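# Residue-level structural notes
Residue strings, one per chain:
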Amino acid sequence: MIPFLEKIADRLLNKFQEDMEGALIVLPSKRAVVFLKYYLSKKINKPIFLPDFSSVEDFIVDISGLTVLDNTSLQFRLYSSYKSSSFQDKDSFDLFLKWSSMMLNDFNDIDRSLVDAQSVYSNLKSIKELENWGDKEWSLSDGNLTYMQKDYIDFFNHMYSCYKDFTDKLLENNLAYQGLAYRTAAEKITHVDITWSKIWFVGLNALTKSEQEIIDYLKQKDIARVFWDADSFYYENKIHEAGSFLRNQRERWSEIDFKGVGDYYSSEKKNIQIISCPKNISQSKAASEILRDINKNDLEYSNTAVVLADESLLFPVLNNLPSEVKQLNVTMGSPFKHTTLYSFVDSIFKLQINAIDYQKRSFYYKDIFEVIHHPYFNKLFDKSSVNEFKKNIRNNNIVFVDQSLIRKHFPSNKKLLDFFVLWEDSTGITLFFLELVKSLRHLLIGLKGTIESEVLSIFYNNILIIQRLLIESDFKIEVKTMQIIINQLTANEIIPFQGEPLKGVQIMGILETRTLDFKNVIMLSVNEGILPKGKYINSFIPYELRKYFNLPTYEDRDAVFSYHFYRLLQRAKNVSLIYNSETDDFGSGERSRFITQLLSEYKQGDINQRVFKHKDLKLHNNHEIIIKNKHLINEIKAWADKGVSASSLNKYNNCSLEFYYKYLARINSDDNLEEHVDATMIGTAIHNALDLFYPVGILNKKDIEKQYPLVIDSIINYFKREMTPEAMKEGKNYLSLEIAKRLTQNFFSLEKQMLDEANRENKQINILATEAELENHLTIDGIKFRLIGKVDRIDSYGDQLRIIDYKTGKVTDSDVSFLEYDDLTNNPKKAKAFQLLMYAYLYLKLNPSLDFQSVIAGNISFKNIKNKLIKISKKINSRTSKTLLIDDLVLESFEKQIKSVLQKIVNEDFTQTDDIKSCEWCDYKSICNR
């Protein structure tokens, strides 16, 4: 295989044997320049002047004589034109940024294609007027339009005037966006003094109209030569999209020789394989397996390329490279947005923006924690004082932290206090970040070669750009807008990797492969929607209008990537195309149409289709965690002595591993602040109030009504004590308090209703105890277990003893109904039934001489109050159940269940539950990776 650029090197040396000084070689990219120089150096054995080299973009911008601005700078200038134009209802800069990139894209396409902008926008205006609005068949060109409809039409009416003002002002200052530079170059080419005798355009494919005009003129002057790289496999096929641009150029420049068109696909390739992989991480593992089997020389001497259609796979690929890869060159670099500094900046913005959104002129505690926990913050400030500050916030349950509290805690640390000063304007933001850069730079003195230094330098340059733009602009920039601007500026910033471009395995994006050839090609993410992308074009100009004016459409974009795909494979001997087969809600998991085409069109050999399976490829959710029950006897004894509650046994029944973490390993969950009242707090408030003020003894309506206001006041005071009075005045906390009051009111109404029923039956309700603490002991395998419980209410209804547990949540009959006693421990959904029987068991063991005709247990559900007392019942069959009368036989059966659970705890290993749904709110799910 002779690479395309090596053939170009041969032609150059044949044409300019002694001196190439008067020639210019224009290539698609700067990377192609490096490879062409390399091939020339291998063939030159004497001193010779090399030609000049340029990427096509640099060549055209040089001809234009303009300076191309970055996208953010362009948006600032475009907004000035937008403001000064005749648009009736103008957006703020914040809203403008959301759609201005689309307008800039259209301007670029119009100018690169040398289309008359006035004609485009005149037609666009007419199209918008003719569009139907809503379901009725009438047009926007009708007279009686709403304000919103008029504004919609007005927007398209004034697009051209905005374009004209914008481009005129740019040209006055010798500035441009890329498309404007291309149009200017095409217009100026006849007047430009060309210093080269020959200009070779090498490996270009999808030429814009402006590029064609430039090359046309240079050809007429006998200066330009054009060299293609293609294969007859797609070039001669009139319906193959990969060759569509080259076929158009052949019609335009029929006199040019097409010796660059080869016939590589007619020869059988050594190996073509298509590999289906579940999930993205397995794609990188599959690539690693392929690299492991490649010849050592092919790995070392730049004969192998790993091409990432989805560049987000860069780090998974790097992390899974096999040891056989000794040298590596990564062409794409690491995005700035993946750096630690970017996350720090993002956390600071989040702190400030949330402070504005909450309108409290104070900072949300979680945002503060995110900033002070960040590695960069810890580099700048003393950890001990910061930890004391954090401890103070937690201990006092401060949800919104006032600036005065921060100043009080750090009275003399100005640099730290600067982090917690509310931003008032954009100037203050840039000054803050410039000071931050200065502080971080001081930490990096003597470490100039580090990645951190490079990252900091890039960020610093971007802040300087923003500072300049703010000085030049005459409109106010909000804090949120500043975040968008910084994100836009840094979005395309890349932290370059250091590598030898001519040695080792080459890892690159698909655009970087232009004109380059490799013996071994491994391409990842060959999925529909990635290669090629979908039909969406970021444009205000509809598809039909784009077709009419020969502006680029999604079909052109597909043709471009089709060419890159087929051209890269045409000289390769070993090809591996890998795609993600996992389907998600957005329909990914479909292999690219390019794979389907290749399977259909390639007839010279077999294409192997494989499904990747790897013994080491396991998803985290499939990692089973087992804690062996060895050497845990002391932990179990400590727990047994401290007290065995129904909730702890239910936790074991639900997930024995969670039980281990909580009760034996004693891993405490994060102590988060209670910023909002939750269901647990509502329940605790009601339980405590009833325990304090609900009457004990024989109930009557008068006593209940007397105690009602005391109970309500107790609930209010509890909430205020836990959340502060200010926190209870509005929002979710206020609603939660109202819910607690309503639930309590409903309970008192039920109690009166039950008193009326008791009176009609000539019975009394006598409350024997509230919040009764219960205890009993069982010995299992020599370990004495102290069983404990605290039951909300023990009362009698006539000659029936009732054991009652209040639930502020919802309880249904099915929750406290069971068929077999084994259900109580084998089915986690029967936890409430288990708890009630535990209370009954403990109470009756403590009071064996009680004289009641029957004993029952049940829940009063405050959210299901209409069901009154929901009694525990035992099913007779699948449809019928009967209230469980608790006697010695029931207690004996239940005791067996307790003993069974305790024996498991003593003897069996601790494992994860099979019910993944129950892991959603588990405090330990991060340990289990669920």
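Residues numbered from 1 in each chain as written. Predicted model: local features only at pLDDT ≥ 70, side-chain atom pairs only at ≥ 80, totals over all residues. Heavy atoms only, no water.

Below, the discussion takes up the pairing of strand S18 (residues 574–580). Regular strands have side chains that alternate between both faces of the sheet. Taken across its seven residues, S18 has seven buried, putting it largely inside the fold. Side chains of S18 alternate between two faces, with Asn-574, Ser-576, Ile-578 and Asn-580 and Val-575, Leu-577 and Tyr-579 buried alike. Sheet analysis places strand S9 (residues 271–277) next to S18, joined by seven bridges and oriented parallel. Within the sheet, the bridge partner assigned to Cys-277 lies in S18 and is Asn-580. Here strand S17 (residues 520–524) pairs with S18 via four bridges, running parallel. The partner of Asn-520 across the bridge, within S18, is Asn-574. (Buried < 20%, exposed > 50% of the residue type's maximum accessible area, 1.4 Å probe, protein only. Helix = DSSP H or I, 4+ residues; strand = E, 2+ residues; numbered from the N terminus. Pairing = 2+ DSSP bridges.)

A few words on the nonpolar core. Ranked by size, the top nonpolar core spans 98 residues in total, and within it Phe-349, Ile-368, Phe-377, Phe-419, Phe-420 and Phe-433 carry the most contacts. Core analysis: the second largest hydrophobic core is formed by 82 residues, Leu-24, Leu-40, Leu-218 and Ala-572 among them. (Core = buried A, V, L, I, M, F, W, Y, C linked by side-chain atoms within 4.5 Å.)

Time to look at the confidence of the model for the protein. Across the protein, the average pLDDT comes to 88, with 93% of residues at or above 70. Ignoring residues within four places in sequence, the model shows residues 616–623, a span with pLDDT below 50, making 10 contacts including any to other chains. (pLDDT = per-residue confidence, 0-100. Contact = heavy atoms within 4.5 Å.)

This paragraph deals with the sheet that holds strand S19 (residues 608–611). Within the open sheet, the seven strands sit side by side as S11-S16-S10-S17-S18-S9-S19. Their pairing is parallel. Strands with a single pairing partner mark the edges of an open sheet, and in this sheet they are strand S11 (328–330) and S19. The average undirected angle you get between the axes of adjacent strands in this sheet is 15°. Contacting S9, strand S10 (304–308), strand S16 (505–509), S17 and S18, helix H13 (residues 280–292) runs over the sheet at an angle of about 165° to S18. Sitting on the sheet, helix H27 (residues 593–601) is in contact with S9, S18 and S19, with an inclination near 135° to S18. (Axes fitted to C-alpha atoms, helices over the stretch in contact; angles between N-to-C directions.)

In terms of burial, helix H30 (residues 656–664) is a largely internal element, eight of the nine residues being buried. The inward-facing, buried residues of H30 contact strand S20 (626–627), helix H28 (633–642), helix H29 (646–654), helix H36 (888–907), strand S30 (910–911) and helix H37 (925–928). Taken from the residues just after H30, Arg-666 is the one with a positive phi, measuring 55°.

In this section: the packing of aromatic side chains. What the rule picks out here adds up to 81 aromatic pairs. The interplanar angle of 40° and the centroid separation of 6.0 Å between the aromatic rings of Phe-233 and Tyr-566 together place this pair among those described as tilted. A residue pair is termed long-range when its members are at least 10 positions apart, and Phe-233 in helix H11 (residues 232–235) and Tyr-566 in helix H26 (residues 554–570) qualify at 333 residues. Aromatic side chains Phe-433 and Phe-459 sit 5.6 Å apart centroid to centroid with 85° between the ring planes, which places their arrangement in the edge-to-face category. Taken as a pair, Phe-433 in helix H22 (residues 426–443) and Phe-459 in helix H23 (residues 451–472) lie far apart in primary sequence, 26 residues in all. When the ring centre of Tyr-265 is taken as reference, the NZ or CZ atom of Lys-269 above it lies at 5.1 Å. (Phe/Tyr/Trp six-rings, centres within 6.5 Å; stacked < 30°, edge-to-face > 60°. Lys NZ or Arg CZ within 6 Å of the ring centre and 35° of its normal.)

Here we take up the pairing of strand S24 (residues 800–807). When you tally the buried positions in S24, you get eight out of eight residues, the bulk of the element. Alternating residues of S24 divide into Gln-800, Arg-802, Ile-804 and Tyr-806 and Leu-801, Ile-803, Asp-805 and Lys-807, and every residue in both groups is buried. Alignment of strand S23 (residues 783–797) against S24, held across five bridges, turns out to be antiparallel. The residue of S24 that forms the bridge with Ile-794 is Ile-803.

All right, on to the side chain of His-158 then. Of note, His-158 is situated in the loop between helix H7 (147–157) and helix H8 (159–172). Judged by relative accessible area, His-158 falls into the buried class, the value being 18%. Look past the residues within four positions of His-158 in its chain and what remains in contact with it is Ser-86 and Phe-87.

This next bit is on helix H6 (residues 117–130). Given a rise of 1.5 Å per residue, 14 residues ought to cover 20 Å, and the 20 Å separating the end C-alpha atoms of H6 matches this to within 8%. Of all the positions in H6, only Ala-117, Val-120, Tyr-121, Leu-124 and Lys-128 are classed as buried. All buried residues of H6 lie within an arc of 85° about the axis, which places them on one face of the element. (Expected span 1.5 Å × (residues − 1). Arc of directions from axis to C-beta.)

Turning to unusual backbone geometry, a few remarks are in order. In this structure, the amide linkage connecting Leu-531 to the following residue, Pro-532, adopts the cis form with an omega of -5°. The topology assignment puts Pro-532 in the loop between S17 and helix H25 (543–548). Its identity as a non-glycine residue notwithstanding, Leu-114 has a phi of 55°, on the positive side. Looking at the element boundaries, Leu-114 is found in the loop between helix H5 (93–112) and H6. Judged by relative accessible area, which is 24%, Leu-114 ranks as partly exposed.

Moving on: the environment of Cys-922. Structurally, Cys-922 can be placed in the loop between S30 and H37. Each C-alpha atom of the pair Cys-922 and Glu-658 lies 8.0 Å from the other, and the pair is 264 residues apart in sequence.

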